[in-house]
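The lines below spell out each chain.
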Amino acid sequence: MVPILFRAGPLAVSTHEFFIGIGVAVAAVVFVSEARRRDELDDRMLWILVGTLIGGAVFAKLSTAWRYIQADPDPSLIGLWLHGGRSILGGLAGAYLGAELTKRAVGYRLSTGDLFAPAVAAGMAIGRVGCFLTEQVGTATTLPWGISVGSTVASRIPMCPGCEAGTAMHPSFLYEIAFHAAMFVMLWRRRDRWEV
């Protein structure tokens, strides 16, 4: 596991946060470039993007708030934001809600899903690299590409009771990265066929 990607003086850059940030930035660039290519980029579309990002960030945090509240003896909103977990499913649900509410607020009636789909796939492929480098891998496997885990990691994996050092685990995040990258390529190549 690589919790710190690099240090810049006193600043320690978290691997997980770095790759999530890069993933969000790439997703925004893909969305904007596709909207521009279709000649649909205007102030409303930029507000929709902002609403989507805010909705995703807020709901990613809120969807795991119960864990933080349960674990912290003195929970606070600032503590939740700084120390609470995140959920990709909560983030996706919040992003959808943020997009729909912002579309209503700015009076945009057309579908934007075909603009967001390749952007989300690209962003998730990159963001999951941070998960792979910092979070537990999948369940035990005998397949030759399993990743061996050290004794400290094996002892913390709740799905693998009795796992010992050297236990091979599925590289589940690598599977997901490959899936999202393939989906991005497929969606990007076929984007002209699915325009509405």
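Scoring rules and cut-offs
Residues numbered from 1 in each chain as written. Predicted model: local features only at pLDDT ≥ 70, side-chain atom pairs only at ≥ 80, totals over all residues. Heavy atoms only, no water. Helix = DSSP H or I, 4+ residues; strand = E, 2+ residues; numbered from the N terminus. Buried < 20%, exposed > 50% of the residue type's maximum accessible area, 1.4 Å probe, protein only. Contact = heavy atoms within 4.5 Å. Areas by Shrake-Rupley, 256 points an atom, 1.4 Å probe, with all protein chains shown as cover. Lys, Arg positive; Asp, Glu negative; His and termini not counted. Charge placed at Lys NZ, Arg CZ, Asp CG, Glu CD. Expected span 1.5 Å × (residues − 1). Arc of directions from axis to C-beta. Phe/Tyr/Trp six-rings, centres within 6.5 Å; stacked < 30°, edge-to-face > 60°. Lys NZ or Arg CZ within 6 Å of the ring centre and 35° of its normal.

Novice: An account of the overall build of the protein chain is requested, with residue identities and associated values reported.
Specialist: For the protein chain, the helix and strand inventory stands at eight helices and four strands. Principal-axis analysis of the C-alpha atoms places the extent of the protein chain at approximately 55 × 45 × 35 Å. Considering the protein chain as a whole, with its 196 residues, one finds that 37% of them fall into the buried category. Relative to all contacts within the protein chain whose residues are 6 or more apart in sequence, the contacts with residues 24 or more apart total 66%. Accessible surface for the protein chain amounts to roughly 11,700 Å². Of this, 66% is attributable to carbon and sulfur atoms. Here the protein chain carries 17 positive and 15 negative side-chain charges, and the mean point of each set is 3 Å from the other.

Novice: Before we move on, could you go through helix α8 (residues 172-189) and cite the residues and values that matter?
Specialist: A rise of 1.5 Å per residue sets the reference length of α8, with its 18 residues, at 26 Å; its end C-alpha atoms lie 26 Å apart and thus fit the reference within 8%. Of all the positions in α8, only F173, I177, H180 and L187 are classed as buried. Considered in projection along α8, the buried side chains sweep an arc of 105 degrees and stay on one side of the axis. Tucked inside the fold, the buried residues of α8 contact α6 (113-134).

Novice: Account for the packing of aromatic side chains, naming residues and giving values.
Specialist: For the structure shown, the criterion picks out four aromatic pairs. Relative to F116, the ring of F31 lies with its centre 4.3 Å away and its plane at 25 degrees, an arrangement referred to as stacked. With F31 in helix α1 (residues 15-37) and F116 in helix α6, this pair connects stretches of sequence that are 85 residues apart. Neither F31 nor F116 differs from the other in exposure class; each is buried. Through successive ring pairs, a cluster of aromatic residues spans F6, F18 and F19. If you follow K61 out to its NZ or CZ, it ends over the ring of W81, 5.8 Å from the centre. The ring of W188 carries R191 above its face, with NZ or CZ at 3.9 Å from the centroid.

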